[in-house]
Amino acid sequence: MILKKSLAAVSAAALAFGLAACGSSDSGSGAGGGLVLTNGSEPQNPLIPANTTETGGGRVIDMIFAGLVYYDTDGKVHNELAEKIEKIDDTNYKITLKADQKFSDGSTVKAENFVKAWNYAMENSLQSAYFFEPIKGFEEGKKEMEGLKVVDDKTFTVELAEPTSDFELRLGYSAFFPLPDSAYDDMEKQGEMPVSNGPYKLESWEHNSSITIVPNENYAGERKAKNDGVKFTFYPKQDAAYADLLSGNLDVLDAVPDSAFSQFETELDGRGVNQAAAIFQSFTIPEKLEHFSGEEGKLRRQAISLAINREEITDKIFEGTRTPATDFTSPVIDGHSDTLKGASVLKYDPAKAKELWAKADEISPWTGKFAIAYNADGGHQAWADATANSIKNTLGIDAEGAPYPDFKSLRDEVTNRTIATAFRTGWQADYPGLNNFLTPLYATGASSNDGDYSNPEVDKLLREAAAAASVEEANEKYNQIQEILFTDLPSIPLWYSNVTGGYGENVDNVKFNWKSVPEYQNITKK
């Protein structure tokens, strides 16, 4: 998840690399045979679960923390800290924790650790606070949600303000992880060196260089570490990471550079990975930009989308490792449809693009340059330049890719709303549901709504979908929402990413999960 955590935007988002040093051959002394050496990127923020919405921090958070449930390799839900999650009626749940669950400092995980963490996220308006909106009493800045009640050390109840069809499905996302009692004594310290409760704990964080995690001896769940730890090295370029993989200085790589797409599976001799994943990629044009608001903006967004030759770009640049988008979600998620009304706006149609651009010019003549910002450390230059050239050649305007040195510098401008161009976005799913690709990105005021999109009809349908009697019924609503999005285009869908990665000869049991992240805890060193 760049993505903001995901690709959110990149969420999800966004498989971006941070700044860095090259890999090394660190080894440990435990049964795992040494540290697993892999790539990563500098987290945007301190490692507080509910304030981490991008993949650099997200992959670490998911390994050092544990929630009520977890998602397996295929995205199926399993209880982790929860002994039982009982649905009392449409809006009430009773959650019972397993016994003998501890944090890395030896303190016991209690019901209060969940309730207090969720309230803290709301009170302090953390980036994932939006995920708690369904709970009765949610209001950012408020101290407590009245819908959360601690019954005893192992039990708490949740009352929702209204039925939420996928509430239980969401509970494996990092926003819902607990925090230890000690966190509230010094939250800055907690973010820098977290006391956690997952399969691993943080050993070191060398900013802009690497993060190392080691097994947490106090973890009693099903995701036990089968190695001596994982070292995430932050590379300035994907090519450097790939070179380290080939030379044996890196064990696992989750994003092959585009320069190696044609040969990586051959060079890795059966150790290459090219599989579908829950990753949607796009770029966002902020509502505030000149020429991109109101009816003029709607026409220009549609024209730009129609001016992009997705088939050619995915074929020539990505060599079969991307699939042109047909919606705003992912084909690996239940409920996905590739026959939605309005999806034709994602097809290359130069004549229609020019027609709509001319209509927009009748409202206000175009001025200036169209730029797509991207982080140079993530291997995005080729597609950004190709996309800009497709727009330029079709519409006859000045268009170009606009590089930022690293992911963090791009995301900081996006988050602070100081960016003055379009910018790459996307989403790497937090949990396996259509809603996860829609509400966080397109609901008014949502945590990853980086373009500040707002449509009352979309908000209304999102509420109706959340209140649906089943996930299947909700998915019908979510697809109605997407048909509105095809008209408004708050983001311009580009393609779905396969996970294109690989692993070295020094490791076994490497699998990439439903959202393209290696199952680090299962990897073994030879």
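Residues numbered from 1 in each chain as written. Predicted model: local features only at pLDDT ≥ 70, side-chain atom pairs only at ≥ 80, totals over all residues. Heavy atoms only, no water.

Under the annotation held in an unreviewed UniProt entry, the protein chain carries the name ABC transporter substrate-binding protein and is attributed to Corynebacterium hindlerae.

A. Representation of the pattern of salt bridges in the model. Enumeration according to the criterion identifies 26 salt bridges in this entry. Arg417 is paired through a salt bridge with Asp452; the nearest N and O atoms lie 3.0 Å apart. Of the two residues, Arg417 sits in the loop between α11 (407-415) and β16 (422-428) while Asp452 sits in the loop between α12 (435-442) and α13 (456-466), which places them 35 residues apart along the sequence. The residue Glu464 makes a salt bridge to Lys477 at a minimum N-O spacing of 2.9 Å. Here Lys477 lies in helix α14 (residues 471-488) and Glu464 lies in helix α13, a separation of 13 residues in the sequence. (Salt bridge = Lys/Arg side-chain N within 4 Å of Asp/Glu carboxyl O. Helix = DSSP H or I, 4+ residues; strand = E, 2+ residues; numbered from the N terminus.)

B. View of the side chain of Asn436. Structurally, the position occupied by Asn436 is in helix α12. For Asn436, the side chain forms a polar contact with the side chain of Trp427, separated by 3.0 Å. Asn436 has contacts with Phe131, Trp427, Ala429, Asp430, Tyr431 and Leu441, leaving out every residue within four places of it along the chain. (Polar contact = N/O pair within 3.5 Å; in protein donor to acceptor, adjacent residues only side chain to side chain. Contact = heavy atoms within 4.5 Å.)

C. Layout of the domain arrangement of the protein chain. The domains assigned to the protein chain are domain 1 (65-181) and domain 2 (277-496). A straight line from the C-alpha centre of domain 1 to that of domain 2 covers 32 Å. Buried surface at the junction of domain 1 and domain 2, summed over both partners, amounts to about 1400 Å²; 60% is from carbon and sulfur atoms. When the buried area of domain 1 at its contact with domain 2 is split by residue, Tyr130, Phe131 and Ser165 rank highest and sum to 39% of it. For the pair domain 1 and domain 2, the number of links is zero salt bridges. Across the domain 1-domain 2 interface, the total number found is seven residue pairs in polar contact (both at pLDDT 80 or more). Residues belonging to the side of domain 1 that touches domain 2 are distributed by class as follows: six nonpolar, four polar and three charged. (Domains from an automatic or database assignment. Buried area = accessible area lost by both parts, 1.4 Å probe. Nonpolar A, V, L, I, M, F, W, Y, C, P; charged D, E, K, R; others polar.)

D. Region of interest: α11. Within α11, burial applies to Phe407, Leu410, Arg411 and Val414. Viewed end-on, α11 has its buried residues packed into an arc of 95°, placing them on one side of the element. Lining the buried residues of α11 we find β14 (370-375), β15 (399-404) and β16. The N-cap of α11, judged by a side-chain oxygen 3.3 Å from the amide nitrogen of Lys408 a few residues on, is Asp406. Directly beyond the C-terminal end of α11, a positive phi value near 60° is found at Arg417. (Buried < 20%, exposed > 50% of the residue type's maximum accessible area, 1.4 Å probe, protein only. Arc of directions from axis to C-beta.)

E. Summary view of the UniProt feature "domain: Solute-binding protein family" (unreviewed entry) in the protein chain. Under the UniProt annotation, "domain: Solute-binding protein family" (unreviewed entry) lies at residues 76-448. End C-alpha to end C-alpha, residues 76-448 measures 25 Å, and it is 28% helix and 21% strand. (UniProt positions renumbered as here; feature names shortened; annotations may be inferred.)

F. Here's a closer look at the nonpolar core. Grouped together as the largest cluster of nonpolar side chains are 151 residues, with contacts concentrated most on Trp118, Phe283, Phe370 and Ile391. Tallying contributions element by element places helix α2 (residues 111-123) first for this core, with eight residues. Look past the residues within four positions of Phe370 in its chain and what remains in contact with it is Phe283, Ile285, Phe292, Ile304, Ile391, Ile397, Asp398, Ala399, Glu400 and Ala422. Counting eight residues, the second largest nonpolar core, distinct from the first, contains Ala371, Ala373, Ala402 and Leu410. (Core = buried A, V, L, I, M, F, W, Y, C linked by side-chain atoms within 4.5 Å.)

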